[in-house]
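Here's the letter readout for the chains.
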Amino acid sequence: MVAQQQGKFTVGDYLAERLAQVGVRHHFVVPGDYNLILLDKLQAHPELKEVGCANELNCSLAAEGYARANGISACVVTYSVGALSAFNGTGSAYAENLPLVLISGSPNTNDPSQYHILHHTLGHPDYTYQYEMAKKITCCAVAIPRAIDAPRLIDRALRAAILARKPCYIEIPTNLAGATCVRPGPISAITDPVTSDKNALEAAAKCAAEYLDGKLKPVILVGPKAGRAGSEKELIEFAEAMGCAVALQPAAKGMFPEDHKQFVGIFWGQVSSDAADAMVHWADAMICVGAVFNDYSTVGWTAVPNIPLMTVDMDHVTFPGAHFSRVRMCEFLSHLATQVTFNDSTMIEYKRLKPDPPHVHTAEREEPLSRKEISRQVQEMLTDKTSLFVDTGDSWFNGIQLKLPPGAKFEIEMQWGHIGWSIPAAFGYALRHPDRHTIVLVGDGSFQVTAQEVSQMVRFKVPITIMLINNRGYTIEVEIHDGSYNKIKNWDYAMLVEAFNSTDGHAKGLLANTAGELADAIKVAESHKEGPTLIECTIDQDDCSKELITWGHYVAAANARPPRNMSVQE
Ligand code: TPU
Ligand code: MG
């Protein structure tokens, strides 16, 4: 703040100060003439580090990943040509419940009233379209019309994002970023959490305790919103008070410790792990904590639980026959933990059902590389310091099957499902967590979408290990519906990432065709700290998990349901 205190304080300074106060330490940017003054102001803040990205799609996805690590992130782009690309990662943040602050420069405030046609726009002088579009994919969108409005609107957007765990949008005209502005008031006005309504909390906990008392076989099903609500600790407290089985949805993997004795696996219908589906289907009461039932998590609607659900969401609780608003998940779980009766009947049953650990075959060094051997070797890489990113494709299924050691983190983007997400998202995440070892499992098709962002890993010397599984195409799509469109042009991936080095970079690109080559490459990756290591793992085109095949069949069937309510003429 020293430099800013000496000169005039501006709208850009206000935004910078607020971002720093809410905990942003890196902001992701692509410059353009509508945001350059703003970028100067953000750059001048001593607590913010600017991180340039190769394009706005990657910029928004890097911010999405940063929000996973940091709780909140910022992505700064230029008008239209930039923002419309950044809408994609903003959509991801919305779908995945992450507070991402999308900031866009916009036209000079004098231009609309003069009906000026401007560059980077649709070519007509209505410049409200971007703001109108942003409203649909954020929980709060603001366009700053005058400097005097900036504090109020910036604060409103930030508070909304933090409370809702959703993205917000702030549009700043190019001639307002440097305009004089008052200094911000106390940050607690923005960051103070909303607590539960006391009466609603009491009533919901009482109702839940009574409801559960009448049940013989309760099971807890954890969904991705449990982690986003920051309720991991309270979840353990509640689960231990209950003593019952705890199953996780795939997108919630890592949100409850896998070495906990009540963990019974990932519930994913036909492709569940560790007999989690047997437990879920046996239950007579299901406490869904932050669960999301979509077509993917229910395997094409074949795995929707068929008993009434008790739903604990981020800010409300619903039972068959009752609803309680403004009950925060964390508070509810820890309060309920003091009210429930211990009932471990589902754990007694699970002990009888629990499958023996599978025998894992270790391939000979010279054996051609297989999917199973990659999984075996990746499993050995996992430690308490690992953060594992798995991208759309068979990487989802391979990742879900791995056993997470205590402390290991798992990141998946299953609601939005943008192929290539993992590369920029892991980059953003790793900047915030340099102490962790970030590993990415990504398919060849996904990698081709966002490959440029490896060059930022090179530039910022981020030692991410990328396991690129090259099966020469879009296998997940093949399993849902095949066609020539699922074939892609092969690349020399290992050589490509070394091209990003130019004269000063330290990326390593390695090729593994055999089990032995993969083991050697992993050793190199683990000792390489000066930049990313990409290991291209080549496998046969038909070598995919049986879980992907099964899941693909059901999702295809769900996609192909004929239209209902057709008129008789049709
Ligand atoms: O393991 P594998 O071969 O399935 O993974 P790979 O090679 O990464 O292929 C992924 C194929 C894929 C597509 C094309 N999965 N989903 N899609 C549809 C899709 C298209 N565009 C975006 C941005 N996201 C998508 N999920
Ligand atoms: Mg592939």
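Residues numbered from 1 in each chain as written. Chains lettered and ligands numbered in written order. Predicted model: local features only at pLDDT ≥ 70, side-chain atom pairs only at ≥ 80, totals over all residues. Heavy atoms only, no water.

Participant: Pulling in residues and values, what's your account of the UniProt feature "binding site: Mg(2+)" (unreviewed entry) in the protein chain?
Facilitator: Following the UniProt record, the feature "binding site: Mg(2+)" (unreviewed entry) maps to Asp444, Asn471 and Gly473 here. For the residues just named, distributed over 30 residues, the greatest C-alpha separation is only 7.0 Å, placing them together at one site. Looking at where aspartate 444 falls in the secondary structure, it is placed in helix 18 (residues 444-450). Apart from the residues within four sequence positions on either side, aspartate 444 is in contact with Leu468, Ile469, Asn470, Asn471, Arg472, Gly473, Ile488 and Tyr493. Within polar-contact distance, the side chain of aspartate 444 engages the backbone nitrogen of arginine 472 at 3.0 Å. If you trace the backbone, glycine 473 turns up in the loop between strand 17 (465-470) and helix 20 (475-480). You can call glycine 473 buried: its relative accessible area is 7%. If we ignore the near neighbours within four places in the chain, the residues touching glycine 473 are Asp444, Asn486 and Ile488. (UniProt positions renumbered as here; feature names shortened; annotations may be inferred. Helix = DSSP H or I, 4+ residues; strand = E, 2+ residues; numbered from the N terminus. Contact = heavy atoms within 4.5 Å. Polar contact = N/O pair within 3.5 Å; in protein donor to acceptor, adjacent residues only side chain to side chain. Buried < 20%, exposed > 50% of the residue type's maximum accessible area, 1.4 Å probe, protein only.)

Participant: I'd like a rundown of helix 17 (residues 422-432), residues and numbers included.
Facilitator: Among the 11 residues that make up helix 17, 10 are buried, leaving the element largely enclosed by the rest of the structure. The set of residues buried in helix 17 consists of Ser422, Ile423, Pro424, Ala425, Ala426, Phe427, Gly428, Tyr429, Ala430 and Leu431.

Participant: Give me the lowdown on the sheet that holds strand 15 (residues 409-412), citing residues and values where you can.
Facilitator: Read from one edge to the other, the open sheet built from six strands follows the order 15-14-16-17-19-18, with strand pairing classed as parallel. What marks the edges here is a single partner per strand, and that holds for strand 15 and strand 18 (508-512). When the angles between neighbouring strand axes are averaged without regard to direction, this sheet yields 20°. Where strand 18 lies against strand 19 (residues 533-538), five bridges are found, and the strand directions are parallel. By the bridge assignment, leucine 510 is partnered in strand 19 with isoleucine 535. Against the sheet, helix 15 (residues 371-381) makes contact with strand 14 (386-390), strand 16 (437-443), strand 17 and strand 19, and its axis sits at roughly 170° relative to strand 17, the strand it touches most. (Pairing = 2+ DSSP bridges. Axes fitted to C-alpha atoms, helices over the stretch in contact; angles between N-to-C directions.)

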